Amino acid sequence: MLARIGLSHHKAPITIRERFNYPEHALPQAYASLSQMPLTETVLLSTCNRAELYVTADLEPRLLYQMLLEHMAHFHHMPEESFEGLLDFQTGEDAVRHLMRVAAGLDSLALGEAQILGQVRQALQMAGAAGSTGRVLHRLFEHALHTGKRVQTETGLGKGRYSVGHVAVEMAGRVFDQFDRARILILGAGKMSELTAKHLVERGVRFVVVANRTYARAVELAEHLGGSAMHWEEAMETGLQEADIVLSSTSAPHPVLHRANLQPVLRKRRGRPLFLFDIALPRDIDPDVNTLENVFLYNLDDLQQVVHADTQRRMAEIDRAEAIVGIETEEYLAWYRVQEVNPVIAQLRTHLNALRDEYLQIFEPRLTGLSPKERESVEALLSALIDQVARTPIKILKQSAAEDTAQMFDLPSAARALFELNSNLANTPPALLPEQETLQ
Amino acid sequence: MNGYFAPLNILALALYIFSAVGYTASIFLEARNAPIAYSRNKLIALARPFLLAGIGVQVAATGSWCVSTHLSPFASLYGTLSVFAWIAAIAFAVTDLKFHLPAVGVVALPIACMALFVGLLHAHRPPDETRLLETQLISIHVLCILSSFALFVVSFGCACCYLLQNHLLKARSVNGLLRRLPPLITLDNVAYRAVIFALPLLSAGLMLGMIDMARANPRITPQQWALDPHNLIAFIVWLLYGFYLVTRLLMGWRGVRLQYLLIAGLLVACTVYFAPNQTHHFPASHQ
């Protein structure tokens, strides 16, 4: 069974989401912990807006849910009751459709954002590196990436300001008329900072300063963005004093910027507006900072409002994207269902080949007079007969699985019974099997 | 006697009101079924011609007054307020055309309409035909003061928009209004530019007034002049805007507090209308 458990920005506030974040350095430990459980495949998808776990397992849904819930509580040191109500648990088609929607940007905080594709890809790579993916989840994530790309290219959902970076540019534009004069300070040299800063640079920001606890990393990102690097302590004083826009995305577990350390800087700024974007999870900037005069603080949840404002205008695009998601979900599910009957088909082939060999052995005394060429012809004849006999059941099995009608006719059971593949099913009353419908 | 002054000003008032409604709608109306930019631009494209037509009609009205009375329009409160409304409308039109700030019109145009309307309420009063009003000096004095006040109206409009935008950003009230209001820096810069032109005009107006008063009434002492509520208010206004410029220009201050200063400046300036005057010799134009 394929299932997904997790929490996202829809239900879980940022205060909870930041507790369930799986930072990159914690992923090996998380996968190691999951490998102790009776799961076939696992992929962790952790972004600013969600922490989700995709699994395949031969377990009852209720049992699987309880097991994953306990894992999350144990791994994040949170009591189950504190977050259980915020969790989503889906299986089968619902889980597949959810991931397709996520990759398409339909479930994102910034509707239609492109960054999620990179995050889905990275999740798959990390799971691959941890050796936790198999055929089902690998194919699912690959398919989700394909869906995301289709939505990006075939709809207008990917056009405009739909990522955190785009929204940041839009909001900063409500304060600054010309970006070429604005100074941007980047705190933390993570991927999110880089992506968001890139949007601002594309819009004309020329003065970029990067500060990071690891100075070398700050230098690296500054060079990449065409800016300069600054030591962290200097950034907390001079950097903040000179900046117009601050992008904070450090991996610090606690806020790095408080009202108390911003107040003296503000006095030196003499009322110049300061736009702070806290795009980190856990948050980098104390929310109290927004109460300071001429300071505007937006965290990830605040940016959600910006996105909602645009949603109405893009309903048509959403419908088109949902249609693509629907088609791709069906396509994946068709493949997935075929995978479920593949073992039966393989078993059928093995059984028929064994029968052929068995009968060849039984008739061996009568075949001794045959020349090698004649013997070869007899064996080929038997093989062709077997193939011909098996062709229709196999075709119908695959077809009905892809169309999800196998359950309706109980075809796998019918095939097993017809060819005596399973002793348990051999006693099934023939009247219960729809012979005519399935094997014609 | 006043020629077509009143009917033309009524027409101008109607045009200004239409224009103000257009500008206000362009900022506050949400376009449900059409792209916002399209609807907004269409409304502004309708409001602008009304504004320019109103300005043109007021030129005709003032010309009609001068031709029929052979007096300066400042000979009456009606004429003075009419000219003030006209200059305020021009100041906003220039701001809108140069900086594309329709939002400022939501504040500036109603003030111009109000001034013109109050002026029309005083249309029945006969003009003051004293000698002073016929001098060029006093006309320039009034013109300078009115021009500075009109520019203060623009800075007031910018400050109001600034505070509203500031509030929306602080409250994270990300709606269409936030996007239709200009960026804070633009509003701050335009307000500053308006004051940088207005303050010298106010200074010149006050100096010309003092010169004219000293020439007309040599017996008035500086103490009497200073205690005249009109002069006192004008001086306070001058100080407020002077303080604004010093903090903005020399000390480099920006932000919310300066916007409050701009708002306070115009509110204090408006009290001139209600203040009694003791040293002015043309009560018709100074209440």
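Below: a short report on this structure. Numbering of residues begins from 1 in every chain and follows the order in which that chain's sequence is written. The lettering of chains begins at A and the numbering of ligands begins at 1, in the order of writing. Where totals are concerned, whole chains, interfaces and linings use all residues; where local detail is concerned, this predicted model gives features only for residues with pLDDT of at least 70, and gives and counts side-chain atom pairs only at 80 or more. Excluding hydrogens and water, the side-chain figures rest on all heavy atoms present in the structure.

### Regarding the sheet that holds strand β6 (residues 207-212) of chain A
Residue and element names in this part refer to chain A. The six strands are arranged β7-β6-β5-β8-β9-β10 in an open sheet whose pairing can be described as parallel. Looking at which strands have only one partner, the edges of the open sheet turn out to be β7 (228-231) and β10 (295-299). Averaged over all neighbouring strand pairs, the angle between strand axes comes to 20°, with direction disregarded. Note that strand β5 (residues 183-187) and β6 share five bridges and pair parallel. In the sheet register, Leu 187 faces β6, and the bridge partner there is Ala 211. Any two residues whose heavy atoms approach within 4.5 Å at even a single point are treated as in contact. An axis is simply a line fitted to the C-alpha atoms; with a helix, the fit covers only the stretch in contact. Between two such axes, the angle follows the N-to-C directions and lies from 0 to 180 degrees. A run of H or I in DSSP counts as a helix once it spans at least four residues, and a run of E counts as a strand once it spans at least two, with each numbered from the N terminus. Sheet strands in contact with helix α11 (residues 259-269) are β9 (274-278) and β10, and its direction is about 145° off that of β9. Pairing between strands requires that DSSP locate at least two bridges from one strand to the other.

### Remarks on the interface of chain B and chain A
Many descriptions give the size of an interface as the accessible area lost when the pieces come together. Listed per partner, the contact involves 26 residues of chain B and 29 residues of chain A. Each partner contributes to the roughly 2,200 Å² buried at the junction of chain B and chain A, and carbon and sulfur atoms together form 51% of this total. A per-residue breakdown of the area chain B buries against chain A is headed by Lys 170, Arg 172 and Arg 179 of chain B, which together make up 34% of the total. By convention in these notes, a salt bridge is any Lys or Arg side-chain nitrogen within 4 Å of a carboxyl oxygen on Asp or Glu. If you look at where chain B meets chain A, you find two salt bridges. In this structure, Arg 257 of chain B engages Glu 293 of chain A in a salt bridge whose closest nitrogen and oxygen atoms are separated by 2.8 Å. Any pair of nitrogen or oxygen atoms within 3.5 Å is treated as a polar contact; in protein, a donor-acceptor pairing is required on top of that, and neighbouring residues in sequence qualify only through side-chain atoms on both sides. Linking chain B to chain A there are 16 residue pairs in polar contact (both at pLDDT 80 or more). Considering every element that reaches the side of chain B that touches chain A, the biggest residue donor is helix α5 (residues 136-170) of chain B, with six residues. Amino acids are sorted into nonpolar (Ala, Val, Leu, Ile, Met, Phe, Trp, Tyr, Cys and Pro), charged (Asp, Glu, Lys and Arg) and polar (every other residue, Gly among them). Grouping the constituent residues of the side of chain B that touches chain A by class yields 14 nonpolar, seven polar and five charged. Accessible area that two parts lose when put together, with a 1.4 Å probe and added across both, is what the buried area reports.

### Comments concerning the side chain of His 98 of chain A
Looking at the secondary structure, you find His 98 of chain A in helix α4 (residues 92-104). Judged by its relative accessible area of 9%, His 98 of chain A falls in the buried class. Under the scheme applied here, a residue whose accessible area is under 20% of the maximum for its type counts as buried, over 50% as exposed, and between as partly exposed, the area being computed with a 1.4 Å probe on protein chains only.

### Structural notes on the nonpolar core
Note that soluble globular proteins tend to have their nonpolar side chains buried in a common cluster. For our purposes a nonpolar core is just a set of buried Ala, Val, Leu, Ile, Met, Phe, Trp, Tyr and Cys residues, chained together by side-chain atoms within 4.5 Å. Membership of the largest hydrophobic core comes to 125 residues, with the highest contact counts inside it found for Ile 245, Phe 275 and Phe 277 of chain A. Ranked by residues supplied to this core, first place goes to α5 of chain B with 17 residues. In this structure, this core is formed jointly by two domains, domain 1 (2-161 + 314-323) and domain 2 (164-303) of chain A, each of which donates at least three residues. Counting 66 residues, the second-largest nonpolar core is a separate cluster that includes Leu 44, Leu 111, Leu 137 and Tyr 332 of chain A. Segmentation of the chain into domains, including their bounds, is taken from an automatic or database domain assignment.

### Let's talk about the environment of Leu 69 of chain A
Residue and element names in this part refer to chain A. Along the polypeptide, Leu 69 turns up in helix α3 (residues 61-76). Using a relative accessible area of 0% as the deciding quantity, one classes Leu 69 as buried. Separated by 14 residues in sequence, Leu 69 and Phe 83 place their C-alpha atoms 9.4 Å apart. Contacts of Leu 69, omitting those with residues within four sequence positions, involve Ile 5, Glu 80, Phe 83, Glu 84 and Leu 87.

### So, the pattern of salt bridges
A side chain of one charge can pair with a side chain of the opposite charge when the charged atoms of the two come close. All names here are of chain A. By the definition in use, this model includes 22 salt bridges over all chains. Asp 88 is the partner of Lys 11 in a salt bridge, and the nearest nitrogen-oxygen pair spans 2.8 Å. Placement of the pair is Lys 11 in the loop between β1 (2-8) and α1 (14-17) and Asp 88 in strand β4 (residues 88-91), with a sequence separation of 77 residues. We classify Lys 11 as partly exposed; its relative accessible area is 41%. Arg 375 is the partner of Glu 379 in a salt bridge, and the nearest nitrogen-oxygen pair spans 3.6 Å. On the criterion of helical spacing, the pair formed by Glu 379 and Arg 375 is a turn pair, its members being four residues apart in helix α15 (residues 372-402). Under the relative-accessibility criterion, Arg 375 is labelled partly exposed at 25%.

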